[in-house]
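For reference, the chains in residue letters:
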Amino acid sequence: MTIGPPQAREQLLRRCGRRVRLGMVGGGADSVIGETHRVALRADGLCELVAGALSIVPEIAFETARMNLIPEDRIFTDFRAMAEGEGRRDDRIDAVVIATPPQTHFEIARAFLRQGIDVICEKPMTATAAEAAKLVSLVEASGRILVLTHCYTGYPMVRQAREMVRAGSIGRVTLIEAEFCAGDPGVAREPADRAKRHWRFRPESMGKAAILGEVGSHAHNIASYVTEAEIVSVSARLDTFAAGRDVYDNAYLTTSWDNGAVGRIWSSYVAIGNEHGLSFRIFGEDGALVWRQEEPELLWRQRLGRPASRLSRGLDELSRPSLEATRFRPGHPEGYALAFANLYKDYAHARLSELIGEDRSPYLEYLPDVRAGLAVMQVIEAAERSHNQRGAVELVIRPGA
Ligand SMILES: NC(=O)c1ccc[n+]([C@@H]2O[C@H](COP(=O)([O-])OP(=O)(O)OC[C@H]3O[C@@H](n4cnc5c(N)ncnc54)[C@H](O)[C@@H]3O)[C@@H](O)[C@H]2O)c1
């Protein structure tokens, strides 16, 4: 950890003299996630949205862009034209935000990387592990950055958990439990009008096991992020419960990790009554850490034979990465939008550092990257194979292969 004192971060925008310029592909007014990105990227005043191909529907692309005061000559209806157009400008975007369905991510990322433009990409990173492996090569050859928006890693208490595992405060990690089990009406039931199904419930979009990329990827990633370990084998059971549904809506994965731990990842749309449902429990030989997305300001530390301690965001004795991800004093909830904004803050500080000729790498340390995206895609494909082979088939995965 080589980030200088907090004021070094705070000085970067002034020293650079301009905001980080972002373009967005997808995320139009017809999307689920687009507006969340726009709130997050503006939260700290470090980034501005200056270009976009915001929707597959041209009218919505124009309307959403104009609502965001994007100049007319930087509004596009095709991402390739946008990559080429931006690539020619002196005031080109620093990064493109990809907020389209996953099967389009690879082509969009490649088009912008070819122009030397960084990529901030929604999860799951690609449609297949083969695409993900290619993207690793493209990013590493380009020297550019790919940030994967596993937004929950931006929570200060998630970063705190990572630091505590790293510091050995729960001892050697033995059991890794993570779940993202939702059960609100929007996901638990099929709409009466099948034409209104979102692509994530249509097998022709991301396959029958799309749930593994849509929610399972967050559970996998957060467990991997906190423990800094990778899954090396998986055994899966996938089921469908909702009436009239053509894709799986519940997935249990049993996992082995490269640090010797074992665990489970549960993904669901039919945990009826759950509103969100992301959480992790990491057990070590000396204790455990427990965190729930719906109470994100709290991290519980359990110790053998002793009362559990409740750690809350913003207190001075927390780790530096946790405090650097904190804006407000303890007791003033920050929540989801600012956790998401921490990904943009870290990226912006990395880019501003680069623009003024300084080392960007310290600001990238807490961001999910292209290799994290590959690891998720490998596990998704292994889980599907395990399920299709009917039984507890252990599949060996080589991280980073
Ligand atoms: N980080 C999170 O917590 C989170 C939450 C929701 C969705 N997501 C992810 O975000 C991505 C988008 O999901 P969504 O639910 O918002 O999808 P969506 O279908 O609701 O919206 C997709 C957007 O992309 C546009 N689009 C599609 N193809 C395009 C193209 N070729 N060029 C330009 N625009 C195009 C659509 O018009 C729409 O604006 C997915 O990868 C999804 O998994 C992440």
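Residues numbered from 1 in each chain as written. Predicted model: local features only at pLDDT ≥ 70, side-chain atom pairs only at ≥ 80, totals over all residues.

Peer 1: Describe the overall build of the protein, naming the residues involved and giving the relevant values.
Peer 2: When helices and strands are tallied, the protein shows 13 helices and 14 strands. On C-alpha atoms alone, the protein measures out to a radius of gyration of 21 Å, which is about the 21 Å that the 2.2 N^0.38 rule sets for 401 residues. Seen through its principal axes, the protein has C-alpha atoms that stretch 60 × 55 × 40 Å. When the 401 residues of the protein are sorted by exposure, 48% land in the buried category. (Helix = DSSP H or I, 4+ residues; strand = E, 2+ residues; numbered from the N terminus. Rg over C-alpha atoms; globule rule 2.2 N^0.38 Å. Buried ≥ 20, exposed ≤ 12 C-beta atoms within 10 Å, placed from the backbone.)

Peer 1: Could you give an account of the environment of Leu253, naming the residues involved and the relevant values?
Peer 2: On the secondary structure map, Leu253 appears in strand E8 (residues 250–257). Residue classification places Leu253 among the buried positions, given that 26 C-beta atoms sit within 10 Å. Taking the C-alpha atoms as reference points, Leu253 and Gly216, 37 residues apart in sequence, are found 9.4 Å from one another. Excluding residues that lie within four positions of it along the chain, Leu253 makes contacts with Val234, Ala236, Arg264, Ile265 and Ala383. (Contact = placed C-beta atoms within 7 Å.)

Peer 1: For unusual backbone geometry, give the residues involved together with the corresponding values.
Peer 2: Going from Lys123 to Pro124, the amide bond is cis rather than trans, its omega being -20°. Mapped onto the elements of the fold, Pro124 is located in the loop between strand E4 (118–121) and helix H6 (129–142). Even without a glycine there, the phi angle at Leu69 is positive, about 55°. Checked against the element boundaries, Leu69 lands in the loop between helix H3 (58–67) and helix H4 (79–88). One non-glycine residue, Glu228, adopts positive backbone phi at about 55°. Take Glu228: it is sitting in the loop between helix H10 (210–227) and strand E7 (231–239).

Peer 1: Go over the domain arrangement of the protein with me, naming the residues and quoting the values.
Peer 2: The domain architecture assigned to the protein consists of domain 1 (6–152 + 342–368) and domain 2 (156–295 + 298–329 + 375–396). Taken over C-alpha atoms, the centre of domain 1 sits 26 Å from the centre of domain 2. Between domain 1 and domain 2, the contact holds 17 residues from the first and 21 residues from the second. For the side of domain 1 that touches domain 2, the class distribution of residues is eleven nonpolar, five polar and one charged. (Domains from an automatic or database assignment. Nonpolar A, V, L, I, M, F, W, Y, C, P; charged D, E, K, R; others polar.)

Peer 1: Which residues make up the environment of Leu146, and what are the values?
Peer 2: One can find Leu146 in strand E5 (residues 146–148). Leu146 sits in the buried class, given 27 other C-beta atoms within 10 Å. Sequence separation of Leu146 and Cys121 is 25 residues, and the distance between their C-alpha atoms is 7.0 Å. Sequence-distant contacts of Leu146, that is, excluding residues within four places in its chain, are made with Ala109, Val119, Cys121, Val139, Asp369 and Val370.

Peer 1: For helix H2 (residues 34–42), give the residues involved together with the corresponding values.
Peer 2: Three- or four-residue spacings in an α-helix give side chains the same orientation, since the helix completes a turn every 3.6 residues. When we look at burial in H2, the residues that qualify are Gly34, His37, Arg38, Ala40 and Leu41. Seen from one end, H2 has its buried residues packed into an arc of 165°, which puts them on one side. At its buried positions, H2 is contacted by strand E1 (20–26), strand E2 (47–53), strand E3 (95–99) and helix H12 (335–355). (Arc of directions from axis to C-beta.)

Peer 1: Provide a residue-level description of the sheet that holds E4, including the pertinent values.
Peer 2: A sheet is described by the order of its strands in space; here five strands give the open sequence E2-E1-E3-E4-E5, paired in parallel fashion. If you trace the sheet from one side to the other, it starts and ends with E2 and E5, each paired once. Across this sheet, the average inter-strand angle for adjacent strands is 25°, counted without regard to direction. Of the strand pairs in this sheet, E4 and E5 are connected by three bridges, and their pairing is parallel. Residue Val119 lies in a different strand from E5, and its bridge partner there is Leu146. (Pairing = 2+ DSSP bridges. Axes fitted to C-alpha atoms, helices over the stretch in contact; angles between N-to-C directions.)

Peer 1: Report on the site of the ligand, specifying residues and quantitative values.
Peer 2: In the region of the ligand, 25 residues are neighbours, and Gly26, Gly28, Ser31, Val32 and Glu122 sit closest. Its residues placed into classes, the shell around the ligand shows twelve nonpolar, nine polar and four charged. (Near = placed C-beta within 6 Å.)

Peer 1: Break down the packing of H10 against helix H13 (residues 370–388) for me, with residues and values.
Peer 2: Contact pair H10 / H13: the axes reach a minimum separation of 10 Å and the direction vectors enclose 120°. Classified by the interaxial angle, the pair formed by H10 and H13 is oblique. Read as a crossing pair, H10 and H13 show a hand that is right-handed. Seen from H10, the contacting residues are Leu212, Gly213, Ser217, His220, Asn221 and Ser224; seen from H13, they are Ala372, Ala375, Val376, Val379, Ile380 and Ala383. (Parallel < 35°, antiparallel > 145°, perpendicular 65-115°, else oblique. Left-handed = near helix turned anticlockwise from the far one by under 90°.)

Peer 1: Hey, could you go over helix H7 (residues 156–166) for me, with residue numbers and the actual values?
Peer 2: Burial within H7 is extensive, with nine of its eleven residues counted as buried. Looking only at H7, the buried set comprises Pro156, Met157, Val158, Arg159, Gln160, Ala161, Arg162, Met164 and Val165. Note on H7: the residue one or two positions beyond its end, Gly168, has a positive phi of about 80°.

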